[in-house]
Amino acid sequence: MSPLLRTVNRVLLGLAGLVLICAGGAVLAAGLGLAVPSWWPWHGKGAVLLGEAERDRWRGEGWWWPAVIAVLAVVVVLALWWLLAQLRRARLAEVLVDSGDGEGALLRGRALEGVLAQGAGTLDGVARAQVRLTGRRRSPHARIRLLTEPHAAPDEALGRLADEVLAHARDSAGLAELPAEVRLRAVKHRAERVS
């Protein structure tokens, strides 16, 4: 989980908890008949959250319903963004490497990503490579994006990537398998003149 998402989650949960505690405390105080300030919205057991006067006060105004709909739309969009952020696959922080002593060692995920990206970037016909590890510590999955040169043969680049780079990383980390999803994109270039 990214630091931004972690911060947003904590702030949203804190705000939701604060609102619920305040609303619950206010309702409990009014329901028990405790002395409350004069500006307090509830004054006794029969008090309601929004009285009829408060509900009807803004209905005649032309801006009321568009404002309510706009606020609700923003709340729905923010809730959907938060939900999708929760479902997004997180980057793998560490990989468990079998060290042979029964305990294992931890390898930073970014280090393995860097080695894979560097190895894939040195292949013939590959201009740039990006690697992201997902999955679990014992069974990582690689998502690789290759930016290929105009003269590159994609089948050769994929074959060498699987046979050399991924196999070396799998063997070095002591993994039984290292499945990979590879996406290829060609560098934009001008058409060459044929004479």
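Here the structure is a predicted model, which is why all the values come from computation and not from measurement. (Residues numbered from 1 in each chain as written. Predicted model: local features only at pLDDT ≥ 70, side-chain atom pairs only at ≥ 80, totals over all residues. Heavy atoms only, no water.)

1. Digging into the overall build of the chain
Assigned secondary structure in the chain consists of five helices and five strands. Secondary structure elements of the chain occur, N-terminal to C-terminal, as α-α-α-β-β-α-β-β-α-β. Its C-alpha radius of gyration of 29 Å places the chain more than 25% over the 16 Å reference for a compact globule of 195 residues. Taking all contacts inside the chain whose residues are at least 6 apart in sequence as the whole, residues at least 24 apart take part in 52%. When the accessible surface of the chain is summed, it comes to about 14,500 Å², and 60% of that surface belongs to carbon and sulfur atoms. Computing the positive centroid from 25 side-chain charges and the negative centroid from 19, the chain places the two 7 Å apart. (Helix = DSSP H or I, 4+ residues; strand = E, 2+ residues; numbered from the N terminus. Rg over C-alpha atoms; globule rule 2.2 N^0.38 Å. Contact = heavy atoms within 4.5 Å. Areas by Shrake-Rupley, 256 points an atom, 1.4 Å probe, with all protein chains shown as cover. Lys, Arg positive; Asp, Glu negative; His and termini not counted. Charge placed at Lys NZ, Arg CZ, Asp CG, Glu CD.)

2. A look at the side chain of T148
Structurally, the position occupied by T148 is in strand 4 (residues 140–148). With sequence-adjacent residues up to four places away left out, T148 is seen in contact with G125, V126, A127, L184, R185, A186 and V187.

3. Let's talk about the sheet that holds strand 3 (residues 126–135)
The three strands lie next to each other as 3-4-5, forming an open sheet whose pairing is mixed. Taken across any chain shown, the strands that pair with only one partner, and hence form the sheet edges, are strand 3 and strand 5 (180–186). With strand direction ignored, the average angle separating the axes of adjacent strands in the sheet is 15°. Set on the sheet, helix 5 (residues 154–173) makes contact with strand 3, strand 4 and strand 5; between it and strand 5 the angle comes to about 145°. (Pairing = 2+ DSSP bridges. Axes fitted to C-alpha atoms, helices over the stretch in contact; angles between N-to-C directions.)

4. A closer look at the pattern of salt bridges
On inspection of all chains with the given rule, the structure shows four salt bridges. For R143, the salt bridge is made with E181, and the minimal N-O distance between the two is 4.0 Å. Residue R143 is located in strand 4, and its partner E181 is located in strand 5; the two are separated by 38 residues in the primary sequence. On the accessibility criterion, R143 (32% relative accessible area) is partly exposed. Of the charged contacts in the structure, one is a salt bridge between R183 and E181, with a shortest N-O distance of 3.0 Å. With relative accessibility at 47%, the residue R183 sits in the partly exposed group. A single salt-bridge network, built from bridges that share partners, covers R143, E181 and R183. (Salt bridge = Lys/Arg side-chain N within 4 Å of Asp/Glu carboxyl O. Buried < 20%, exposed > 50% of the residue type's maximum accessible area, 1.4 Å probe, protein only.)

5. Description of the pairing of strand 4
Summarising the sheet, strand 3 and strand 4 pair through nine bridges and their orientation is antiparallel. Bridging from a neighbouring strand, V131 pairs with I144 of strand 4. With antiparallel pairing between neighbouring strands as the criterion, strand 3 and strand 4 make up a hairpin whose turn holds four residues. The pairing of strand 4 with strand 5 spans seven bridges and is classified as parallel. Counted as the bridge partner of T148 is A186 from strand 5.

6. A closer look at the packing of helix 4 (residues 109–121) against helix 5
The N-to-C vectors of helix 4 and helix 5 enclose an angle of 155°; their axes lie 10 Å apart at closest approach. Relative to helix 5, the element helix 4 lies roughly antiparallel. As helix 4 runs across helix 5, the sense of the crossing is right-handed. Between helix 4, through L112, L116, G119 and A120, and helix 5, the contact on the second element is made entirely by L161, V165, L166 and A169. A class-by-class count of the residues in the contact of helix 4 with helix 5 yields seven nonpolar, one polar and no charged. (Parallel < 35°, antiparallel > 145°, perpendicular 65-115°, else oblique. Left-handed = near helix turned anticlockwise from the far one by under 90°. Nonpolar A, V, L, I, M, F, W, Y, C, P; charged D, E, K, R; others polar.)

7. A closer look at the environment of R183
Checked against the element boundaries, R183 lands in strand 5. Counting along the chain gives 154 residues from R183 to A29, while the straight-line C-alpha distance between them is 60 Å. Sequence-distant contacts of R183, that is, excluding residues within four places in its chain, are made with I144, R145 and L146.

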